[in-house]
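If you want the building blocks of each chain, they are given just below.
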There are 2 protein chains.
Amino acid sequence: MNEMRHDWLSDRWVIFAPNRTTRPDDYDRTPHIEPESQLRCPFCQGSEHETPNATLILPGKDWESTRSTRRRDRAIAKSDWLVRVVPNKFPAVGFGPSPVAWTESTRENPSLNADSPSSAFTPLFVKQSAVGAHEVVIESPQHVASITDLSPEHARLVFEAYRQRLAYWSARPEMKYAVVFKNYGADAGATIVHSHSQLIATSFVPSEILRVQRRLALYHKSHQQCYICSVLDQELQAEDRIVTQSEHFVAICPFASRFPYSVSIIPRTHQSRFEDASQDELADLARITQATLNAIESEHPRCAYNFVLQTCHFDQQASDSFHWRLKIIPRLSKVAGFEWSSDCFINTVFPESAAQTLRQRIQSTVPLASPVAVAPASNSIRNPQ
Amino acid sequence: MNEMRHDWLSDRWVIFAPNRTTRPDDYDRTPHIEPESQLRCPFCQGSEHETPNATLILPGKDWESTRSTRRRDRAIAKSDWLVRVVPNKFPAVGFGPSPVAWTESTRENPSLNADSPSSAFTPLFVKQSAVGAHEVVIESPQHVASITDLSPEHARLVFEAYRQRLAYWSARPEMKYAVVFKNYGADAGATIVHSHSQLIATSFVPSEILRVQRRLALYHKSHQQCYICSVLDQELQAEDRIVTQSEHFVAICPFASRFPYSVSIIPRTHQSRFEDASQDELADLARITQATLNAIESEHPRCAYNFVLQTCHFDQQASDSFHWRLKIIPRLSKVAGFEWSSDCFINTVFPESAAQTLRQRIQSTVPLASPVAVAPASNSIRNPQ
């Protein structure tokens, strides 16, 4: 008999059906890979002219002066940059003219940042300019495919880039939120192989973020405690869904996760805004993220995944109810008709089982020492490494 | 400047970003196909012993006697069955013992069929047996891959099977809802190539259905009119999102659809329950669905898609506010990190543009005449056709 579990935060039920892993499968599921004939990579060192001007370069001058005593990788000394943030050449959102005119049927503009429009009006065809900013975080000057190929110190710089860009956009009054995310592999929506992540700042708080914030506030009101802190306390006692722990973070397979092998990396102590993380915390986050991704990649070679940073919206300086976290979503299964219709997901792997597997992988893994270049593009000739 | 559109029914904003279709792409996007060495297909005629006993066979005895004057395809006369419904051997839900015990932290069971649990209680780790039924609708005795390969009369039988099984499950008091859906192609979650669809009946109304019902009731209360009827009226006036029309149905690319080339097929007159559709309406639905899918398949060869039937929940005999429809979701794009985090989708094709393309495809398509067998499995030797 299969089991349903309730994710209180999203108010969704998830069906766990491990019996469905034994289904016959007519299809070849080899992950899509880049063709060998790939001519040039716009993200490699030497191709900087192919992307817009950088909005952030790490290590930069400030970093050099303030952190000169820190141990560095040899790679840091050799490169002009290790992490480079640029505006996306194909942005989903952008700056532009004021909102387009409403269509005839529009009687009122539903607020982008409010709860559902009231019943007093119901515009059928409402549209609006997509105002925001879309940036790409290029994670290495070398043609590496995965953040797990970077040294721990280099990976820390990736999270430092997120922090600095989030801090920048959160100070812009026209911006209300920013989603930081990574698409790794074709099945996760990536189109470029070179390791990168993205930031989309928006002039509105997306509906899912609003929903989650409402639920967290509801919990805090009735329990005088943060929901995520409560869950974390109980997970640490139960132990069976814990993947790994570090000084500042705990990686768990959530009780009612929608996707097999999904992992949430949660700060041990309450913190609502990712931008407030210290340098030590970022270094620790980089290490635990790499360890978790390494475990997933060694269990499911070349598996596509997304990761998303869930942080507090910009209008709140600090929140007692919101607790930021990093969510890793391996794309091992396909979202199908049942899920699209019902929003009730079928997960074939219990989180206790996924956590046990990943724990074993982590215990048997030798930490990576230095950046590894993979699948060199032909323009790598211009990138002596 | 890109555009955002508000889907009032789901209360979601969708970003339309046609500029993103010109992005470079490192990956080979050839759809996954079945390996040529496929040994046997459990859904082909002659392999009936590999599936559980049928819960419905069409044409059956009743059908023979009551509909003997109807024009038939030659194939109908030759086969024992044309559509066969069987319990899924790998069910997501099932009948079984009463709900499992709550975990220690559970203080109360959030109702499966109610709105969000109130703030008065907040169980952290709630689980429940997954009670329901999971059936497979095998759409042909021949090894055809797509419902568009069937004759129109044969395709009508597929929808008749949905109707009969929905009527059966809706009469079971322990069942509250059923999702009827099709996964076509590996990227849409299919594991078997042979043309089939599925029905999952559940002891609860899924959260997405509840949400939509609440919004439709809200609209009806303030406008004394069905939301879908209102939208349809305006779409018929505007014309630019209409794909095709038939006597009983209109196929449109919705104003704020999350997926490129998504199409909704909507009954012209208000009808809340799919089970109440007449035989004429089912025949018409089969024709317009095949025409729409043919257009999508000819524009995007071998493109994976889902379709889902959105009908009223079982407790309502008829509803003034709910209007059933069939939603086709081509899987041309990948859901990525931004969408998982925000529930705000990025669609690269405006529905007006998608509708125009599909209209042109439909105008240039010659209707299929008879079933076409494709990619015969090796056990087709046992299936003389």
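None of these values were measured; they are calculated from a predicted model. (Residues numbered from 1 in each chain as written. Chains lettered and ligands numbered in written order. Predicted model: local features only at pLDDT ≥ 70, side-chain atom pairs only at ≥ 80, totals over all residues.)

(A) Highlighting the overall build of chain A. Along its length, chain A carries 8 helices and 14 strands. Of all 385 residues assigned to chain A, the portion counted as buried reaches 51%. If you take every contact in chain A between residues at least 6 apart in sequence, the share linking residues at least 24 apart comes to 76%. (Helix = DSSP H or I, 4+ residues; strand = E, 2+ residues; numbered from the N terminus. Buried ≥ 20, exposed ≤ 12 C-beta atoms within 10 Å, placed from the backbone. Contact = placed C-beta atoms within 7 Å.)

(B) How the structure looks around the interface of chain A and chain B. At the junction of the two partners, chain A supplies 86 residues and chain B supplies 88 residues. Looking at the side of chain A that touches chain B, the elements that each hand over two or more residues are β1 (3-7), β2 (12-16), β5 (126-129), β7 (177-184), α4 (207-223), α5 (227-238), β12 (305-310) and α7 (337-342) of chain A. The biggest single contributor to the side of chain A that touches chain B is α4(A), with 8 residues. For the side of chain A that touches chain B, the class distribution of residues is 41 nonpolar, 27 polar and 18 charged. Where β5(A) lies against strand β1 (residues 3-7) of chain B, 4 bridges are found, and the strand directions are antiparallel. (Nonpolar A, V, L, I, M, F, W, Y, C, P; charged D, E, K, R; others polar. Pairing = 2+ DSSP bridges.)

(C) A look at the relation of the copies chain A and chain B. Superposing chain A onto chain B takes a rotation of 180 degrees combined with a translation of 0.0 Å along the rotation axis, leaving an RMSD of 0.0 Å. The transformation relating the two chain copies, once decomposed into turn and shift, fits a two-fold axis. When the interface residues of chain A are mapped onto chain B, 99% of them again lie at the interface, so the same face is used by both copies. (Least-squares fit on C-alpha atoms with pLDDT ≥ 70 in both.)

(D) Seen up close, helix α6 (residues 279-299) of chain B. Spanning 21 residues, α6(B) covers 30 Å between terminal C-alpha atoms, matching the ideal 30 Å at 1.5 Å per step. Judged by how many residues are buried, α6(B) sits mostly within the fold: 16 of 21 residues are covered. (Expected span 1.5 Å × (residues − 1).)

(E) How the structure looks around the environment of R165(A). You can see R165(A) is positioned in helix α3 (residues 152-170). Look past the residues within four positions of R165(A) in its chain and what remains in contact with it is L56(A), V85(A), E135(A) and L199(A).

(F) A look at the confidence of the model for chain A. Residue and element names in this part refer to chain A. When pLDDT is averaged along chain A, the result is 84; 80% of the residues meet or exceed 70. pLDDT under 50 marks residues 97-111. Its contacts with residues more than four places away, or in other chains, come to 27 contacts. Counting interchain partners and residues more than four positions distant, the pLDDT-below-50 stretch residues 113-121 has 12 contacts. Reported confidences for the modelled complex are a pTM of 0.87 and an ipTM of 0.85. (pLDDT = per-residue confidence, 0-100.)

(G) Structural context of the packing of α6(B) against helix α8 (residues 351-363) of chain B. All names here are of chain B. Their axes nearest at 9 Å, the elements α6 and α8 cross at an angle of 105 degrees. Compared by their axis directions, α6 and α8 come out roughly perpendicular. Across from A291, T292, A295, I296, S298 and E299 in α6, the residues of α8 making contact are T357, L358, R361 and I362. Looking at the contact of α6 with α8 residue by residue, the class counts come to 5 nonpolar, 3 polar and 2 charged. (Axes fitted to C-alpha atoms, helices over the stretch in contact; angles between N-to-C directions. Parallel < 35°, antiparallel > 145°, perpendicular 65-115°, else oblique.)

(H) The packing of α3(A) against helix α6 (residues 279-299) of chain A, seen in detail. Residues and elements named next belong to chain A. The interhelical angle for the contact between α3 and α6, taken along N-to-C directions, is 115 degrees, at an axis separation of 8 Å. Note on packing geometry: the crossing formed by α3 with α6 is right-handed. Of the residues in α6, those touching α3 at P152, A155, R156, F159, E160 and R163 are L282, A283, L285, A286, R287 and Q290. Grouping the constituent residues of the contact of α3 with α6 by class yields 7 nonpolar, 1 polar and 4 charged. (Left-handed = near helix turned anticlockwise from the far one by under 90°.)

(I) A look at the sheet that holds strand β14 (residues 345-347) of chain B. Spatial ordering of the open sheet is given by β5(A)-β1(B)-β2(B)-β14(B), a layout of 4 strands whose pairing is mixed. If you trace the sheet from one side to the other, it starts and ends with β5 of chain A together with β14 of chain B, each paired once. Taken over all neighbouring pairs, the strand axes of this sheet differ in orientation by 30 degrees on average, direction set aside.

(J) Here's a closer look at unusual backbone geometry. All names here are of chain A. Residue P59 is reached from L58 by a cis peptide bond, and omega for that bond is -5 degrees. If you check the backbone angles, Q224 has positive phi at about 50 degrees while not being a glycine. Note on placement: Q224 falls in the loop between α4 and α5. Taking the number of C-beta atoms within 10 Å as the measure of exposure, Q224 has 8 and is therefore exposed. Positioned with a positive phi, E239 is a non-glycine residue whose angle comes to about 70 degrees. On the neighbour-count criterion, E239 (11 C-beta atoms within 10 Å) is exposed.

(K) Region of interest: the environment of A238(B). Residue and element names in this part refer to chain B. Among the structural elements, A238 can be located in helix α5 (residues 227-238). By C-beta crowding, A238 is classed as partly exposed, having 16 other C-beta atoms within 10 Å. Counting along the chain gives 97 residues from A238 to P141, while the straight-line C-alpha distance between them is 42 Å.

(L) Representation of the pairing of strand β10 (residues 249-252) of chain B within the structure. Residue and element names in this part refer to chain B. Burial along β10 is two-sided: F249 and A251 and V250 and I252, pointing in opposite directions, are all buried. In this sheet, β10 lies alongside strand β9 (residues 242-245) in antiparallel orientation, the contact comprising 3 bridges. By the bridge assignment, T244 is partnered in β10 with A251. Counting the residues that bridge the hairpin from β9 to β10 gives 3 residues.

(M) Quick look at α8(B). All names here are of chain B. For α8, spanning 13 residues, the distance from its first C-alpha to its last is 18 Å, which sits close to the expected 18 Å at 1.5 Å a residue. Inspection of α8 places P351, A354, A355 and L358 among the buried residues, and these make up the whole buried set. Down the axis, α8 shows its buried residues gathered within 95 degrees of arc, on one side only. Turned more than 90 degrees off the buried face of α8, the exposed positions are Q360 and Q363. Where α8 is buried, its residues contact β9, β10 and α6. (Arc of directions from axis to C-beta.)

(N) Representation of the sheet that holds strand β5 (residues 126-129) of chain B in the model. Read from one edge of the open sheet, 4 strands run β14(A)-β2(A)-β1(A)-β5(B), paired in mixed fashion. Sheet topology places β14 (345-347) of chain A together with β5 of chain B at the edges, where each strand pairs with a single neighbour. Strand-to-strand, the axes of this sheet are offset by a mean angle of 30 degrees, without reference to chain direction. In terms of strand pairing, β2(A) meets β14(A) through 3 bridges, oriented parallel.

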